[in-house]
Every structure is written in C-alpha cells, then in structure tokens.
Protein chains: 2
Amino acid sequence: MSLNLHLSASSSAFLSQNRLQNGLASTPRHVSTPARTNGIFKCVATPPAEIAVHKTKVNRNSNMAKLQAGYLFPEIARRKSAHMLKYPDAQIISLGIGDTTEPIPEVITSAMSKRSYALSTNEGYTGYGAEQGEKLLRATIASTYYGELGIEEEDIFVSDGAKSDISRLQVLFGSNVTMAVQDPSYPAYVDSSVIMGQTGLYTDDVGFSKIEYMKCTPENGFFPDLSKVARTDIIFFCSPNNPTGSAATRDQLIQLVQFAKKNGSIIVYDSAYAMYMSNDNPKSIFEIPGAKEVAIEVSSFSKYAGFTGVRLGWTVVPKELQFSDGFSVAKDFNRIVCTCFNGASNIAQAGGLACLSPEGLGAMHEVIGFYKENTEIIVKTFESLGFNVYGGKNAPYVWVHFPGQSSWDVFSEILEKTHVVTTPGSGFGPGGEGFVRVSAFGHRANVLEACKRFKDLYT
Amino acid sequence: MSLNLHLSASSSAFLSQNRLQNGLASTPRHVSTPARTNGIFKCVATPPAEIAVHKTKVNRNSNMAKLQAGYLFPEIARRKSAHMLKYPDAQIISLGIGDTTEPIPEVITSAMSKRSYALSTNEGYTGYGAEQGEKLLRATIASTYYGELGIEEEDIFVSDGAKSDISRLQVLFGSNVTMAVQDPSYPAYVDSSVIMGQTGLYTDDVGFSKIEYMKCTPENGFFPDLSKVARTDIIFFCSPNNPTGSAATRDQLIQLVQFAKKNGSIIVYDSAYAMYMSNDNPKSIFEIPGAKEVAIEVSSFSKYAGFTGVRLGWTVVPKELQFSDGFSVAKDFNRIVCTCFNGASNIAQAGGLACLSPEGLGAMHEVIGFYKENTEIIVKTFESLGFNVYGGKNAPYVWVHFPGQSSWDVFSEILEKTHVVTTPGSGFGPGGEGFVRVSAFGHRANVLEACKRFKDLYT
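Calculation rules
Residues numbered from 1 in each chain as written. Chains lettered and ligands numbered in written order. Predicted model: local features only at pLDDT ≥ 70, side-chain atom pairs only at ≥ 80, totals over all residues. Heavy atoms only, no water. Helix = DSSP H or I, 4+ residues; strand = E, 2+ residues; numbered from the N terminus. Buried < 20%, exposed > 50% of the residue type's maximum accessible area, 1.4 Å probe, protein only. Contact = heavy atoms within 4.5 Å. Areas by Shrake-Rupley, 256 points an atom, 1.4 Å probe, with all protein chains shown as cover. Pairing = 2+ DSSP bridges. Expected span 1.5 Å × (residues − 1). Buried area = accessible area lost by both parts, 1.4 Å probe. Salt bridge = Lys/Arg side-chain N within 4 Å of Asp/Glu carboxyl O. Least-squares fit on C-alpha atoms with pLDDT ≥ 70 in both. Arc of directions from axis to C-beta. Axes fitted to C-alpha atoms, helices over the stretch in contact; angles between N-to-C directions. Parallel < 35°, antiparallel > 145°, perpendicular 65-115°, else oblique.

1. Side note on the overall build of chain A
Line of reasoning, step 1. The helix and strand inventory of chain A stands at 15 helices and 17 strands.
Line of reasoning, step 2. Within chain A, buried positions represent 64% of all 459 residues.
Line of reasoning, step 3. When contacts within chain A are restricted to residue pairs at least 6 apart in sequence, long-range pairs at least 24 apart make up 73% of them.
Line of reasoning, step 4. Summed over all atoms, the accessible surface of chain A reaches about 16300 Å², with 53% contributed by carbon and sulfur.

This is the structure we're talking about:
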C-alpha cells in the first residue's frame, strides 16, 4: 500500500514532504528561499499575503471543534508513515487498520470487468441507477441474507459502504437524539454523532457528554450490563464486534431487543463481520423476534469479498420501524438516500451480484476461511505468550489485554521493536484502554512473520 | 432504462405492483384473502398486527417533515411509470432527468475493466484507498482543470459524485448557517439545507424561510441582482446553470466573488457542466482573482464521460479558505470526508484517470460535442415554434418559456400528448414556474423524434 493513504487533516506536513519527494508538485508556494544561517539551511516560511488578508465571516461548525484528534485510522497511518521515514529499510507489517489483503475472487472481478466493458455499448450502457440500488441486487441481498426473516427487497438500501450509511443514518436522526455505543466500538459511530451535534464536549475520563458508553469488558463477556445503561434514542451495536471480536449470543440479543423495545429505542446493528461467525450466534439482528420494529442493520461486502476499495454495502430499514408519531423510518431514510446520495457505482453493484451467486458465495467463504486461519495463528501466538486474548473466534480481530498499560504505549512499543502496526484499543473508546487490536487481514507469510516477531518481543 | 429507477418514498404502491408482476417477491403480507363481494374481488388490507403494536419513542427529525413532496427526479420517474402503465405501447422518450445516454468511450471503460481484473491479482489488489482519493487522480484533476489557477493536489477531494459532496458540505457547515441559492436551481442544494435544519418552514409564495432565493429570470439575464440579495453565510451558485442553461460571464463572476468577499460568505460553485461552455466564460470560479479565499468548487465526471451510474466527482476546497476564526475549511472538510466517507470506488477512479488522458479527454469532448448538437436541434425546434428559449449554448439544457402556465401542467400536457418526459421548471424552485427544462441527453433518433412530436403538438 502506498505511503500516502489515510492521511488525516493533521498530516499536512507529511503531504508536503511527500509531494516534494516524488516530484509531482511544483515548488511549494509561500516559502522563501532557504536562508543560510550558521552553516544550516533553514526554511523560513513567510505567512502568505493572501491568507492573512481575508477570513470569511462564516462561523466554524462548533460540533467539528468538539472532535478529538484525528480520526483513528488516519492517525495510525500517519504514525506508520513516520515510522517508515525513521526506518526506511524495515519490513513493516500492517495488522492495523483492518484492511483486506487477499485478491478478489475472479468470479467477482470478471463480472465487474464485464459490466465496465458493457458500458461502452449501446445495449449495455446505463446511466443513473436507482439511488436505493439495483432491483435485482436488493432482491438478492434480501433472499441471501434474510431469506427466512421477512426482510424484503424494498427494505434493502444498497450503499457505497457501511461508513457512509452510518453517517447518512445520523443525518436522518438529526441533532436532537441521544445515543448509546458499545465501549469500545468502531469510532465512526461516535464521531458522526459528534458532527451532527448530538453530544456535548469531550472529557478524558468520561468521553463525550450525552453519549451513553456501554462498557464491554472481559468481566461482562463483552456484553453490556443493560440494567446499568440509561435510555437513549439510538443504540449502536456491532456484533461480531469491532474491535473486541466478540459476538453476542442469541439470548443476549433477545435482551437487547427487549431493552430497546421497552425504552422505545432504535438499534443500529452493524453486522459487517457476520459471515465470520463460527458458532450459531445470530448473524442478523432480524433473527430475533420483534427486531423489525426496533432495529436497522448496516452491512458491507468489504470484509467478505475484499471490497474495501471497491465500495459496496447495504442497510436494512424494515418497513415495520416507526418514529414516535408513527411515521415510517424507511420513508425518511429513502428521502435521505435520494437527496444525499446517487446510488453505489453500477460496476460495484455488478460485483455485489456476483458475490451472491453460488460460485461467488463459495469464493467469499474461502477468503473468509483464510482470514480465520490467520486469526487462529495470532490467537495461539499471544496465548502461548501468556496473554489474555479475546475475540478471534467469530471475527477477524484479536483483542489482546495489556492490563495497566496505555494502549498507545503498547502500540508504539510493538511498532518500534517489531515494525508491526496494530491498533491501540483506546482509539475505540475509553473502554479500550489497556488493549491492542490485532487484525487478521494480511498475507499468510506476513502474519507468520509478525507472530514470530511478537514471540521475540514477549518471550 | 428500467421502469423502476428513481422511485421515491411515495411510490411504494408501484414497487409492490412491480414486485408482483415480475414474480420476484413472495405473496405480500398483511393482505387477507380476497373476499367475494357482489361479484367483485376486493382486496381487504388488514392493518398488520405487528405495525399496530409498537412505535419507537424516537422523535422524527423535524427537518425531514419540512421537505416538500418527493425529491423532484423520483417524482418525475413516478409519473413516467404511471404514464407507461396507462400507455403500455407508447414509445416514451425521456428528456427529463438529465440522464446521460451515450456509451462511455472505450478508452475509459477498458481502464476500468483492467483495474477490475487486476483486483484478482496479488500485484494489482488494493484495499482501502485514501478517503480523499488516489494521489495520482487528485494531482491529474488539479493539473487538467486548474493547471494555471494555483489549485493543487491536496485541494482536490475525489468523491462519488457532486450530489454526495453537496450533502457532505452541508454536514460540514452544520445547522447554524444561512444559505442563498439561485432560483431556479438544482433541488439538492435546498433539500440538503432543509435536512440540516438551516431553514424554516415552506410556504408556497416564498419557498423555505431563511433561504435567500436569488431570482434568475430572462429579465436579468439569469444572473441575480446582487444589490437585492441579503447577506448569507453560504451561496450556492451553479454555472453553466442547471436548469436554465445560462452561464455567468467573467464580469458577473467577478461581481459574485466581490459580493462574497464583502459579506464574508462562502460560495459553493457547482461547475458540473463547465466542459459544455462554448464561449470564453470562466469554466471554474478559480479563474476569478481572490476566489480561493471565498469559494469551494464541486464538479463531476457524470455529464462529461457518462459516469452518472459509475459515480465519480470531485470537490475543490482551497487551503486559502478560512472560517471566521481563521480555521481552515479544508481541514474540517477533510475530517468530514474521513469520518463520513471511505473514498470513491477504486475502479471508478481508474476510469477517472483514463478520462484525463489525452485520448480520454478527446473522447469526452466528442461525447459532449454530440450532446451539444442535440441541444441545437432542440433549441431550433422550439424557436421555430415561436417559443422564447434560453440556455442551450453553454449547457446541455434548454429552458423553454410557457408564460402564464403552470410548469407541471405543461409537463403533463407534453407527456400526455407526445409521450416525451421533460422536467417542470417549478421543480427547481418558485422562479422556475412557467418554464420547462428539456434535456439534450438522448440518442439522436430520440431527440429528432421528440422534436417532431413537439412540432406536431405546437404547430
């Protein structure tokens, strides 16, 4: 992967540096000729006249100012880049951001390739597709994943990925809802909530005010004690969970649905890792009776078919789900999708359809099986080193406990000493402190090499 | 194009009908067995028990309730579908939603096809790309469209299309900004503003309160009288304009930039039709001195390369642009892009890069030239029929005046009598009343046939 991927806003210094290195850019403006001082060339940045002259009178959105540091994964990429500059010869292995590494099965890419070519023909050309996705793909997602569950074609909204849809759901809900998240959890839930103005300010000890953090720890088996959770409008819940790798059992999900029903809450259930489930835990929230009245489900082809770059996902908004005034949530979401989105790429949708063919499903299961073997290797390595290790059975993530240590310190030590990129648990919320997430997405040789280095470090 | 594209939330009846027709769905639930009454089968819909039982306690986002009717284009598609059911044998011609019809040049699709296949190889596979777009594509957009204008690679944010980015810009600005739009204008500006809570309620005579509608009429040459426009934080401005087809001159854009500068406003300049410009009007707002301190530009490959279904666009946020506190707008937009989006499809980006190769640019110009010939045919037809016709020279849209008539009435009459789908001007805002937009996107034979029918109707 290129050095420049995933750079956050705070990484502008890096961008400049790279731009100079690869010679793509012209001379940076606003930098005067290096002045020789005491034998050292010193770049003197003069404040550009233009920038000093004019500020607009548009106030910065105060919600943006509440956000903490950079979004987690760009921040990790930034530190990885810094490490690469420091150790240009190191063989860096990334088990960090959860990026897929195995090629997409050919049955899927050939469908995309074919669709691309067809766009050059009069017969095969199509322009705008339905914002909600192509009819056949919606129907096939419904029948493949929700065949027996009463979820139908029109309940499925095809998207360019779960992250985009999480954000569109937040726009749908607006600023006046309250929100609960598993702690730790995928940072996009909280950050999009902050951006929409649903939260107060951040403090180090409690996180964002007005967000209900549902602690998920080894002590409670990574399922929150709902008797201690305050009522919120929205409950984000990811299972199998990113980052802890834990999956909720059927009984736990029944509790969750009952809790939501009692409180009149809406669950946004993230099932992006459902196909990694090894046991018979539910793969969809809609396996739970009554869930259609209280839940939305967000999912994705990213981690099943290696579509992290191709971009394709879906969201299920059952027609049974209603706001307090009886208005259909799906109708409003449909309006959001039609106004703020123009459909997923038709080529990606052709790929999605191929994923759900018998050959495609077989090929996806093979890739998933491969990553699950990686998971096992990582789990065994850390267990053999005496760590308490969680997750990994139902998810491509291994959650390693470093009690009493700072996650970022552990992250830094591992990177410094083994050149392996992991993810600090605290990046997923206060409850992730003391953990590190190791992703199973990687070539086998890299996973084996990383595990060897872990053994060298911790034996 | 399939009958089911672009159906709005209000079209659920249609969806059901189609689902029954094509046999994809199972029997609709909640409908009891037809009861024989007086020799007529009557469907008795019983209220589904489940729906009656549970409403969540989540309040509907009050901004969603402010939106008017359906989003324009799904509404048109709905009426088109209804017409097709009424006249199943009619040869319907769509010059309505502005959907491209000509195949994508092969130099572009073959690049996408190649990239698709490469994703099946170890060497060619890539996972997550940068949220802001691939480095080379960003650099190439900057050099191709803004070579001399001081816009650089890091100012370019590659997107899945202008509509998505308009919505992300609204999320960036938040709820507490005020907004001006050309009247008439592309409905996504206003609707996304309403959704974000920037407006008050809608009334028929003034539109949404708190939105500043800048009247663009034949009398003012479709450029607003800025001396009568109230100060707002944000000014949406599209040139060449959709729907009027008019393009602002250099002098007019200088006025606009000065107006924004004086007021401390930010212009969101939509240049999605810039390559249709016939004369030497500016193709980018950044051709105007000082614009980098006051403007964002949104653009798209949709209407250049037939990418309406492939989905690829970009937004330029110059590093010079600042909020009132001096904070960089680009930094906040970068954060939005990283949190609410995961990059455009890598396959679409490969296509974008091919668009900007010498062969690709040549091929795009050819397609654009073809549509411009269509435009001429349509303009001449309506002129020969004695109509006042605007636009068409610098844009693929012809804006036909029907003074004193309701746009929807004219739309309906044309559809009923000629089976040609147009777009009612009032769908673009109160200022569009009395106009109909005729799109030049269509196969030549269809455009000629539509013009023949217009002649039959209006001679």
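The rest of the description comes next.
2. As for the sheet that holds strand β16 (residues 423-424) of chain A
Residue and element names in this part refer to chain A.
Line of reasoning, step 1. Spatial strand order, β13-β14-β17-β16: four strands in an open sheet with antiparallel pairing. The sheet terminates laterally at β13 (389-391) and β16, the two strands that pair on one side only.
Line of reasoning, step 2. By the bridge criterion, five bridges tie strand β14 (residues 397-401) to strand β17 (residues 435-439) in an arrangement that is antiparallel. Note that in β17 the partner of Val400 across the bridge is Val436.

3. Here's the deal with helix α7 (residues 162-173) of chain A
Residue and element names in this part refer to chain A.
Line of reasoning, step 1. Its 12 residues place the ends of α7 16 Å apart at the C-alpha level, agreeing with the 16 Å of an ideal helix rising 1.5 Å per residue.
Line of reasoning, step 2. The element α7 is extensively covered by neighbouring structure, given that 12 of its 12 residues are classed as buried.
Line of reasoning, step 3. Listed as buried for α7 are Ala162, Lys163, Ser164, Asp165, Ile166, Ser167, Arg168, Leu169, Gln170, Val171, Leu172 and Phe173.
Line of reasoning, step 4. In the stretch just after α7, Gly174 is the one whose phi turns positive, near 85 degrees.

4. Considering the interface of chain A and chain B
Line of reasoning, step 1. Across the boundary between the two partners, chain A contributes 122 residues, which contact 124 residues of chain B.
Line of reasoning, step 2. At the boundary of chain A with chain B, total buried surface from both sides reaches about 10500 Å², with 53% on carbon and sulfur atoms.
Line of reasoning, step 3. Remark: the boundary between chain A and chain B carries six salt bridges.
Line of reasoning, step 4. For Lys163 of chain A, the salt bridge is made with Glu131 of chain B, and the minimal N-O distance between the two is 3.5 Å.

5. A closer look at unusual backbone geometry
Line of reasoning, step 1. Note the cis peptide between Ser239 of chain A and Pro240 of chain A, where omega equals -10 degrees.
Line of reasoning, step 2. Within the element layout of this structure, Pro240 of chain A appears in the loop between β9 (234-238) and α9 (250-263).
Line of reasoning, step 3. At His419 of chain B, a position not held by glycine, the phi torsion is positive, near 60 degrees.
Line of reasoning, step 4. The residue His419 of chain B is located in the loop between α14 (407-418) and β15 (420-421) in this model.

6. Regarding the relation of the copies chain A and chain B
Line of reasoning, step 1. Of the transformation superimposing chain A on chain B, the axial component is 0.0 Å and the angular component is 180 degrees, with the fit at an RMSD of 0.0 Å. Viewed as a symmetry operation, the transformation between the two copies matches a two-fold axis. The rotation axis passes nearest to the C-alpha of Ser113 of chain A in chain A, at a distance of 2.1 Å.
Line of reasoning, step 2. Most of the interface of chain A is mirrored in chain B: 100% of its interface residues are interface residues there too.

7. Side note on the pattern of salt bridges
Line of reasoning, step 1. Applying the stated criterion across every chain yields a total of 44 salt bridges over all chains.
Line of reasoning, step 2. Through salt bridges that share partners, Glu75, Arg78 and Arg79 of chain A make up one connected network.

8. Regarding the pairing of strand β17 (residues 435-439) of chain B
Look at any regular strand and the pattern is simple: side chains alternate between the two faces of the sheet.
Residue and element names in this part refer to chain B.
Line of reasoning, step 1. When you tally the buried positions in β17, you get five out of five residues, the bulk of the element.
Line of reasoning, step 2. Of the two faces of β17, the one carrying Phe435, Arg437 and Ser439 and the one carrying Val436 and Val438 are both buried.
Line of reasoning, step 3. Across two bridges, the pairing between strand β16 (residues 423-424) and β17 is antiparallel. Residue Thr423 lies in a different strand from β17, and its bridge partner there is Arg437.

9. Observations regarding helix α5 (residues 106-118) of chain A
Line of reasoning, step 1. For α5 of chain A, built from 13 residues, the straight-helix expectation of 18 Å at 1.5 Å per residue is met to within 8% by its first-to-last C-alpha distance of 18 Å.
Line of reasoning, step 2. Buried residues of α5 of chain A: Ile108, Thr109, Met112, Ser113, Arg115 and Ser116 of chain A, and no others. Each buried residue of α5 of chain A sits inside an arc of 165 degrees when the element is viewed along its axis, so together they form one side. Residues of α5 of chain A that are exposed and point more than 90 degrees away from the buried face comprise Glu106 and Lys114 of chain A.
Line of reasoning, step 3. Considering only its buried residues, α5 of chain A is in contact with α10 (302-305), α12 (346-355) and α13 (358-384) of chain A together with α5 (106-118) and α12 (346-355) of chain B.

10. Some words on the packing of α7 of chain A against helix α11 (residues 329-340) of chain B
Line of reasoning, step 1. At a minimum axis distance of 7 Å, the contact between α7 of chain A and α11 of chain B shows a crossing angle of 110 degrees. Overall, the two elements α7 of chain A and α11 of chain B adopt an arrangement that is roughly perpendicular. Contact residues: Lys163, Ser164 and Ser167 of chain A in α7 of chain A; Cys338, Thr339 and Cys340 of chain B in α11 of chain B.

11. Focus on the pairing of strand β8 (residues 211-215) of chain B
All names here are of chain B.
Line of reasoning, step 1. The element β8 is extensively covered by neighbouring structure, given that four of its five residues are classed as buried.
Line of reasoning, step 2. Of the pairings in the sheet, the one linking strand β5 (residues 179-183) to β8 comprises five bridges and is parallel in character. When the bridges of β8 are listed, Val181 appears paired with Tyr213.

Read these as layout, nothing more, since geometry by itself doesn't imply function.
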